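# Understanding the architecture of this molecule
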Amino acid sequence: VVCYIYFTRIVVYLVRATSPCRLAWIAKCTSELASLLFYVLAGYKFRPRHENPYIKMDNEDTEAPEGAGTAMLSAESFGYNPQV
């Protein structure tokens, strides 16, 4: 995150200041490419995992009173298939 902020504030400014007027689009393109790279890397780092400890439930917590339906949260219930 810090590299993204420094890149978009300092490097893009330097590109804008040193490029001729007819190549002003290069600064905007550099900023947009940095944003795209940042969002792709953030999405890759925080993608759903099969071994997610926040989705697992203990067996004793999933017991319901007689006659009541039970619902389990699992990776498959969210449409995540780790074999793909």
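Details of the structure are given in the entry above.
Attention in this report is confined to the structure presented alongside it. (Residues numbered from 1 in each chain as written. Predicted model: local features only at pLDDT ≥ 70, side-chain atom pairs only at ≥ 80, totals over all residues. Heavy atoms only, no water.)

## Structural notes on the packing of aromatic side chains
The test is simple: Only Phe, Tyr and Trp rings are paired, with Trp represented by its six-membered ring, and only when their centres lie within 6.5 Å; those with planes under 30 degrees apart are stacked, over 60 edge-to-face, the remainder tilted. Secondary structure is summarised from DSSP: a helix means a run of H or I of at least four residues, a strand means a run of E of at least two, and numbering begins at the N terminus for each. Per-residue accessibility, obtained with a 1.4 Å probe over protein chains only, is compared with the maximum for each type, and a residue is labelled buried under 20%, exposed over 50%, and partly exposed between these values. Either the NZ atom of lysine or the CZ atom of arginine qualifies as a charge over a ring when it sits within 6 Å of the ring centre and within 35 degrees of the ring normal.
Applying the stated criterion across every chain, the model contains two aromatic pairs. Pairing Tyr4 with Phe38 gives two aromatic rings, centres 4.6 Å apart and planes at 20 degrees, and the pair type is stacked. In this pair, Tyr4 sits in helix 1 (residues 2-18) while Phe38 sits in helix 2 (residues 25-45), placing the two residues 34 residues apart along the sequence. Judged by its relative accessible area of 23%, Phe38 falls in the partly exposed class. Through pairs of rings, three or more aromatic residues link up here, namely Tyr4, Phe38 and Tyr39. Across the ring face of Tyr44, the terminal group of Arg47 is positioned such that the distance to the ring centre comes to 4.2 Å.

## Digging into the packing of helix 1 against helix 2
In plain terms, the rule: For every element, the axis is a line fit to its C-alpha atoms; helices are fit only across the contacting stretch, and the angle between N-to-C directions ranges from 0 to 180 degrees. An angle below 35 degrees is treated as roughly parallel, one above 145 as roughly antiparallel, one from 65 to 115 as roughly perpendicular, and anything else as oblique. Here a crossing is taken to be left-handed if its near helix is turned anticlockwise relative to the far helix by less than a right angle, and right-handed if that turn runs clockwise. When checking whether two residues touch, look at their non-hydrogen atoms; a contact exists if any pair is within 4.5 Å. In this classification, Asp, Glu, Lys and Arg are treated as charged, Ala, Val, Leu, Ile, Met, Phe, Trp, Tyr, Cys and Pro as nonpolar, and every other residue, Gly included, as polar.
Orientation of helix 1 relative to helix 2, taken along the N-to-C sense of each, is 165 degrees, at an axis distance of 9 Å. In terms of axis orientation, helix 1 runs roughly antiparallel to helix 2. When the axes of helix 1 and helix 2 are compared, the crossing they make is right-handed. Packed against helix 1, whose contacting residues are Tyr4, Phe7, Thr8, Val12, Val15 and Arg16, the element helix 2 presents Ile26, Ala27, Thr30, Ser31, Ala34, Ser35 and Phe38 at the interface. When grouped by side-chain class, the residues that make up the contact of helix 1 with helix 2 number eight nonpolar, four polar and one charged.

## Details of the layout of surface pockets
As a reminder of what qualifies: Any residue with an atom within 4 Å of a point lines the site, the site being either a cavity, points on a 1 Å grid over the protein atoms alone where a 1.4 Å probe fits but cannot get out, or a pocket, an open set with protein on both sides within 12 Å along at least 5 of 7 lines. Grid points are joined across faces, edges and corners, and a volume is the space filled by probe spheres set on the points.
Its volume calculated, the largest pocket comes out at about 220 Å³. Surrounding the largest pocket, Val1, Cys3, Tyr4, Phe7, Ala34, Leu37, Phe38, Leu41 and Ala42 form its lining. Take the lining of the largest pocket: its biggest share by element is five residues, from helix 2. Class assignment of the residues belonging to the lining of the largest pocket gives a composition of nine nonpolar, no polar and no charged.

## Some words on the pattern of salt bridges
What counts is decided by this rule: Salt bridge, as used here: a side-chain nitrogen of Lys or Arg that lies within 4 Å of a carboxyl oxygen of Asp or Glu.
Taken as a whole, this structure holds one salt bridge when the rule is applied. A salt bridge links Lys28 to Glu32; its shortest N-O distance comes to 3.4 Å. Of this pair, Lys28 and Glu32 both sit in helix 2, four residues apart, roughly one helical turn. Residue class for Lys28 comes out exposed when judged on its relative accessible area of 54%.

## Comments concerning the side chain of Thr8
The following threshold applies: As used in this structure description, the phrase polar contact means that two N or O atoms lie within 3.5 Å; if the pair is within protein, one of them must be able to donate a hydrogen and the other to accept it, and residues adjacent in sequence are counted only when both atoms belong to side chains.
Locating Thr8 in the fold gives a position in helix 1. In this structure Thr8 comes out as buried when scored by relative accessible area, which is 10%. Among the polar contacts listed, one links the side chain of Thr8 to the backbone oxygen of Tyr4, at a separation of 2.9 Å. Polar side-chain contacts of Thr8 include one of 3.0 Å to the side chain of Arg9.

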